Amino acid sequence: MEITNIDKVFLIAKRDLDRFWQSKQWLAGQIAMNLADIFIFALIFRGIVRRDLIPDYLKFMTPGAVALATFVAAFSIGREVGMEIRRNTVEYLLTLPVSRQNLVLGRVLGGMLRGLIYQLVFLVLASIIDSPPTLVQLPVLVATSVLLTMSMSSLAIAVSSISRDFNIQATFRALTYYLLFFFSNVFYTKQVLALRFPHPLPEIISITPISIAADIYRWCFNYYQQLDPQNLVLLAIWSLALTLLASATYLRNLTKR
Amino acid sequence: MRKAVEIINLVKKFGNFVAVDNLSLDIYEGEIFGLLGPNGSGKTTTLLTIATVYKPTSGDVRVFGYSVVRDGDMVRKLVGMAFQEPKALGIDKPYDLLMWHARMVGYSAGDAKKVVREVMDSLGLWEHRDKYFYQLSGGTRKKVEIAKVLIQRPRVAIFDEPTAQVDVISKHVLWDAIKELRKEGSTIIISTNDMFEAERVCERIAIIYRGRLRAVGTVQELKDSMPYGDVIELSVAGKDIDVSKVLEILNSFGRVSVNGSTFMVYVNRGEEKAIEIVDALRRRGITISRIMVKEPTLDDVFFYITGAKLKEE
């Protein structure tokens with residue numbers, strides 16, 4: 001049977017997914033960290049934070065941890081991409097009978113699948129700690145996860161391909177990671193952020209991709225009663241813009257030699 | 001003969017450094033073609049341009065008529081490349097790597113299993129199939145790299161220094177596998193700085209030095225292009241040898257040097273000249289007790305053409 005271009009895109013994605021499961025130590029550390037966020041950090045802070053601002057910190061934090069875990073898993077594709085560029089193994093991929101566009105698509109898809117599969121266990125946890133999504137919430141949850149993983153995977157790939165120097169790669173990856181991680185509402189509500197940060201920082205933080213995804217997840221797991229439809233539109237715009245920009249950057253970096 | 005690869009005024013620069021300097025070359029369908037040159041001469045850059053990894057700074061490369069600049073997707077369907085440094089991460093396993101490669105180059109899952117097993121067996125890789133790449137020796141890694149192209153069976157198969165880091169027995173296994181691939185219809189391009197490999201495997205050779213083409217031809221043509229490259233070494237029988245008489249005859253064939261009773265004559269086409277020398281000496285009543293013809297090595301040819309030694313740089 002003839003192998004189609006779509007098959008090749010999935011084969012590229014599968015290769016990245018297989019490598020994800022091979023990084024067992026990294027995975028174990030990551031799962032431990034995400035679980036610690038929920039079962040240590042959130043449980044301890046439940047008794048400390050002001051209840052008028054966050055009534056149940058564990059329930060508030062858990063959907064945020066889902067967004068965080070999803071982001072981290074999708075973002076991890078950047079490590080392999082960076083390593084391939086440093087060690088020149090990317091040259092091998094460039095000789096394969098596949099178009100450059102499909103190669104980029106396969107890599108982005110690989111990162112997406114990492115995030116989507118990795119988040120499953122945290123979705124179950126969120127369903128137990130908060131409450132499971134209804135049939136109406138489920139498609140929104142899936143769409144949010146796809147958009148979030150797509151944008152984060154693309155971003156990681158683009159950032160990792162800007163240089164062949166490990167130090168530059170690692171610095172930029174860490175910078176992007178921590179900017180997205182800290183400037184998010186995963187740990188704090190907008191009201192809390194408004195108390196600590198000057199205007200317009202809280203507003204900016206509330207419209208970053210991870211913050212938006214965390215808020216949508218909070219609605220999907222019934223922590224918030226209302227979904228702001230603008231959030232979905234905003235996340236779609238973020239994802240589309242980031243994916244296009246990042247894919248173009250990766251493509252340019254691959255073919256500039 | 002049909003051109004498989006046409007390199008047209010290829011220039012490749014990295015910043016101010018000119019890696020390939022106005023290279024033009026034709027490689028014909030079904031031949032085993034060698035790029036011979038020391039490290040840093042532009043061989044790998046040329047190969048990576050043929051394989052569409054690098055874009056030419058100017059000029060073009062055409063593979064069966066398809067331009068690497070305009071028709072990259074088509075070129076990649078025709079070309080397969082085994083790299084000088086095996087391209088894999090330490091956590092990769094040979095079997096998984098080759099299975100994935102086989103699927104990417106178009107095999108169905110069932111066919112991929114069959115061809116991967118076949119090629120791994122032929123190269124003695126099967127026992128290493130589930131080891132991590134970082135656990136493999138340099139030679140075994142190299143075989144895995146070459147296995148990719150043997151599995152792919154591309155129209156144009158490129159091998160960048162295929163037997164560097166490989167032991168002598170494995171070298172012969174790889175050379176046989178490459179020749180077998182040609183029998184199946186692939187055009188082979190090998191880059192090497194090993195003159196023995198070039199002589200044993202390649203039918204035509206291009207000598208590249210500092211990014212420029214210095215000579216191209218069959219091994220014999222290259223050797224013959226070296227003026228007086230063959231040496232006929234002979235000894236004359238008898239106690240009272242008339243050296244001046246022998247020299248008079250030998251001087252008509254080429255430059256001569258004498259070492260005791262041994263004469264060295266520097267000529268072209270040594271085998272033909274040796275017969276003529278034997279006849280000429282016999283006619284004058286001189287008997288030869290020993291005669292041998294020594295051809296120049298490709299290293300000598302390379303030195304003659306470039307003024308540099310192959311393994312120097």
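So, how was this worked out
- Residues numbered from 1 in each chain as written.
- Chains lettered and ligands numbered in written order.
- Predicted model: local features only at pLDDT ≥ 70, side-chain atom pairs only at ≥ 80, totals over all residues.
- Heavy atoms only, no water.
- Contact = heavy atoms within 4.5 Å.
- Buried area = accessible area lost by both parts, 1.4 Å probe.
- Salt bridge = Lys/Arg side-chain N within 4 Å of Asp/Glu carboxyl O.
- Polar contact = N/O pair within 3.5 Å; in protein donor to acceptor, adjacent residues only side chain to side chain.
- Helix = DSSP H or I, 4+ residues; strand = E, 2+ residues; numbered from the N terminus.
- Buried < 20%, exposed > 50% of the residue type's maximum accessible area, 1.4 Å probe, protein only.
- Pairing = 2+ DSSP bridges.
- Axes fitted to C-alpha atoms, helices over the stretch in contact; angles between N-to-C directions.
- Domains from an automatic or database assignment.
- Core = buried A, V, L, I, M, F, W, Y, C linked by side-chain atoms within 4.5 Å.

A. Highlighting the interface of chain B and chain A. Opposite the 28 residues of chain B that make contact, chain A presents 24 residues. Taking both sides of the interface into account, the surface hidden between chain B and chain A amounts to around 2600 Å²; carbon and sulfur atoms contribute 61%. Its largest share of buried area at the contact with chain A, chain B owes to B:Leu89, B:Trp100 and B:Met104, together 28% of the area lost on that side. At the boundary of chain B and chain A, one finds two salt bridges. With a closest N to O distance of 3.4 Å, B:Lys87 and A:Glu91 form a salt bridge. Taken together, the links from chain B to chain A amount to eight residue pairs in polar contact (both at pLDDT 80 or more).

B. Seen up close, unusual backbone geometry. Across the junction of A:His199 and A:Pro200, the peptide omega takes the value 10°, indicating a cis bond. Relative to the assigned elements, A:Pro200 resides in the loop between helix H10 (190-196) and helix H11 (201-206). Its identity is not glycine, yet B:Arg153 carries a phi of approximately 50°, on the positive side. Positionally, B:Arg153 belongs in the loop between helix H5 (138-152) and strand S7 (156-160). For B:Glu161, which is not a glycine, the phi torsion comes out positive at approximately 45°. Among the secondary structure elements, B:Glu161 is positioned in the loop between S7 and helix H6 (168-183). Given the relative accessible area of 8%, B:Glu161 is considered buried.

C. Main features of the sheet that holds strand S1 (residues 3-14) of chain B. Residue and element names in this part refer to chain B. Reading across from one edge, S2-S1-S4-S5 is the order of the four strands in this open sheet, with antiparallel pairing throughout. The sheet terminates laterally at strand S2 (17-28) and strand S5 (66-67), the two strands that pair on one side only. Relative to strand S4 (residues 58-63), S1 is paired through five bridges, and the arrangement is antiparallel. Bridge assignment links Ile7 to a residue of S4, and that residue is Val61. Its contacts with the sheet put helix H1 (residues 43-50) on S1, S2 and S4, and the angle it makes with S1 is roughly 120°.

D. Structural view of the domain arrangement of chain B. Domain annotation of chain B identifies domain 1 (3-223) and domain 2 (228-295). A C-alpha centroid distance of 45 Å is found between domain 1 of chain B and domain 2 of chain B.

E. Structural detail: the pattern of salt bridges. Under the defined criterion, the tally for this structure stands at 29 salt bridges over all chains. Among the ionic pairs, A:Glu80 bridges to A:Arg79, the shortest N-O distance being 3.9 Å. A residue is classified by how much of its surface remains accessible, and A:Arg79, at 25% relative accessible area, is partly exposed. One salt bridge in this structure joins B:Arg62 and B:Asp60, with 3.8 Å as the shortest N-O distance. Judged by its relative accessible area of 8%, B:Asp60 is buried. If you follow the salt bridges from partner to partner, you end up with A:Arg15, A:Asp16, A:Arg19, A:Glu84, A:Arg107 and B:Asp92 in one network.

F. Examining the nonpolar core more closely. Ranked by internal contacts, the top residues of the largest apolar core, which has 107 residues, are A:Phe71, B:Val5, B:Ile50, B:Val63, B:Val156 and B:Ile158. A total of 14 residues in this core trace back to one element, the largest contributor, which is helix H3 (residues 57-75) of chain A. One finds B:Ala88, B:Val105, B:Val115 and B:Val144 within the second-largest nonpolar core, a separate group that totals 50 residues.

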